[in-house]
Amino acid sequence: MKRIRIAQILSSKDTGSHVTVMGWVRTRRDSKGGFSFIEVNDGSCLSSLQVIADDKLPNYKDEILRLQTGCSVKASGIIAASPGKGQKVELQADEIEVLGWADPAVYPLQKKRHSFEFLRTIAHLRPRTNTFGAVARVRNAMSNAIHTFFQERGFIYLHTPIITGSDCEGAGEMFKVTTLDLDQVPKKNGHADFDRDFFNEPANLTVSGQLEAEIYALAMGDVYTFGPTFRAEDSNTSRHLAEFWMVEPEMAFCDLDGDVALAIEFLKYIFAYVLKNCEEDMKFFNRFIDSSAIETLENLVSQDFEILTYTEGVDILSKAKEKFEFPVNWGMDLQSEHERYLCEKVFKKPIVLMDYPKEIKAFYMKVNEDKKTVRAMDVLVPKIGEIIGGSQREDNYDVLVERIKEMDLNPDDYWWYLELRKFGSVPHAGFGLGFERLIQFITGLGNIRDVIPFPRTPGNVSF
Ligand code: 4AD
Ligand code: MG
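Here's a quick rundown of the structure. (Residues numbered from 1 in each chain as written. Chains lettered and ligands numbered in written order. Predicted model: local features only at pLDDT ≥ 70, side-chain atom pairs only at ≥ 80, totals over all residues. Heavy atoms only, no water.)

### Details of the sheet that holds strand E3 (residues 49-54)
With mixed pairing, 5 strands are arranged side by side around a closed barrel as E1-E2-E3-E5-E4. Put simply, the sheet's adjacent strands are angled 55° from each other on average, direction ignored. Alignment of strand E1 (residues 18-31) against strand E2 (residues 35-41), held across 7 bridges, turns out to be antiparallel. Paired with Arg-29 across the bridge in E2 is Phe-37. (Pairing = 2+ DSSP bridges. Helix = DSSP H or I, 4+ residues; strand = E, 2+ residues; numbered from the N terminus. Axes fitted to C-alpha atoms, helices over the stretch in contact; angles between N-to-C directions.)

This is how it looks when you write it as structure tokens:
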């Protein structure tokens, strides 16, 4: 089945050639003059191609006039300049074959605009809408931009494991992986007997590829992972998923300042990339989802980011006139209302907060000389809050053992991680970018469930 993509036809604007397109009917309109206009979309771009079906086509009465939203068709004909408004070229069909019918009495996607809540219940059909098609293309373009950015800079793409035996963030928010019979779990000393489990020990889905990325950074210099991560935190918010994708570079011979500099360069690169390569989809988001979407990205590419310490941030927040739901004090984990206040009201641009209290951050972050804070950094953006979290890693063996104990973790579980600090330890740093939060920020979509094809959230896995 040879076909040409609609994106190719619309971008070349060449007329006169004979082509075949295949796709799904968005609308059909019949003119009194003895022909119909059929809008066909094949997902290759936002725009549909206007197909002109003449009533002289042999199946005009029996089939063409029965075409409705959602039917699939194969249309062949000549590309011609379009006299109508809204499109430069159209297809003057000499043959239209119906590939699959979609009964309008039961097809859930009709011409009207559906709510995002409703569309979440039909995840198998929502990619046929403008919004979800555009999201899928932007995700694709951003994935490409991410790889290009790191490849151009000599980073090695590393595949870290999905199933692990360790807890990277030390927060215990992990999904268990087991083949034990849950109706009859074998017990030893009153606990599940993992000797009889698949791996002979407890296993989880990874919350981050960082620890393994550190292993390879300490052999190859600069590496990055880009893969799915899983968190069993019961956060039913518009910014949390149980399964999300994370980009994690890790650099040997790099400190926190180098880490922050890379994060800013990285974000600017991918925002410039989406503006350049997803023009049509970005115009769509700007028109229908968030009227400041394009301007926000343009500003980001040209503006500096504000860099300040956690302590300075808390200082500004505690002097603010704003009434926060969670009162601010030094030592607290900042809530999204605080992060957004700093970005949206105080600085009106993205900010990088550094040097957080060690109690609220993971065990692996390098302890500062003040012994109270760690070399952590979060990048916060308007509307979303935290989009990147990173740090310089603790590279001192003794300090790291202490930190692991302080956090009530068992140093034995991290023996290999500790050995990296025994044999040729070097300063190193990295960060993690939440891919879905990035797509949310770019598109302006309010709910993270609408920027991933199949969202996994508490109570929702089937679809
Ligand atoms: O700040 P986090 O927890 O950092 C780490 O996992 C580090 N190991 C990264 C590193 O240094 N290599 O997560 C990183 C980012 C967050 O800033 C956020 O954008 C995103 O991952 N994120 C989530 N996105 C969607 N749903 C969730 N439940 C998320 N949790 C974190
Ligand atoms: Mg974080």
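### Examining the site of ligand 1
As a structural note, the neighbourhood of ligand 1 is formed by 25 residues, with Glu-169, Gln-210, Arg-231, Glu-248 and Glu-386 the closest of them. Between a nitrogen atom of ligand 1 and a side-chain N or O atom of Gln-210, the distance comes to 2.7 Å. Within the backbone of Phe-431, an N or O atom sits 3.4 Å from a nitrogen atom of ligand 1. Within the complex, 93% of the 630 Å² of free accessible area of ligand 1 lies under protein. Listing elements by their share of the shell around ligand 1, those giving two or more residues are strand E13 (243-252), strand E17 (385-392) and strand E18 (428-434). In terms of residue count, E17 provides more of the shell around ligand 1 than any other element does, 5 residues in total. Tallied by class, the residues present in the shell around ligand 1 amount to 9 nonpolar, 8 polar and 8 charged. (Near = heavy atom within 4 Å. Polar contact = N/O pair within 3.5 Å; in protein donor to acceptor, adjacent residues only side chain to side chain. Areas by Shrake-Rupley, 256 points an atom, 1.4 Å probe, with all protein chains shown as cover. Nonpolar A, V, L, I, M, F, W, Y, C, P; charged D, E, K, R; others polar.)

### Considering the sheet that holds strand E11 (residues 203-205)
Each strand in a sheet pairs with its neighbour through backbone hydrogen bonds, running either in the same direction (parallel) or in the opposite one (antiparallel). One open sheet holds the 3 strands; their spatial order is E7-E11-E8, and the pairing between them is antiparallel. In the strand order of this sheet, the two ends are held by strand E7 (163-164) and strand E8 (176-177), each with one partner.

### Considering a nonpolar patch on the surface
A cluster of nonpolar side chains, contributed by Ile-156, Ile-215, Tyr-216 and Met-220, occupies part of the molecular surface with about 340 Å² of accessible area. Considering every element that reaches the nonpolar patch, the biggest residue donor is helix H4 (residues 210-220), with 3 residues. Structurally, Ile-215 is set in helix H4. Residue classification places Ile-215 among the partly exposed residues on the basis of a relative accessible area of 31%. (Patch = residues over 30% accessible without salt bridge, like charges linked within 9 Å, V, L, I, M, F, W, Y side chains within 5 Å. Salt bridge = Lys/Arg side-chain N within 4 Å of Asp/Glu carboxyl O. Buried < 20%, exposed > 50% of the residue type's maximum accessible area, 1.4 Å probe, protein only.)

### Thoughts on the pattern of salt bridges
One pass over the full model with this rule turns up 26 salt bridges. Here Glu-344 ties to Arg-340 by a salt bridge, and the two come within 2.8 Å at their closest N and O atoms. Note that Glu-344 and Arg-340 are positioned in helix H9 (residues 336-347) at a spacing of 4 residues, about one turn of the helix. Given a relative accessible area of 31%, Arg-340 falls into the partly exposed group. Several salt bridges converge on common partners, so that one network encompasses Glu-214, Glu-250, Arg-393 and Arg-421.

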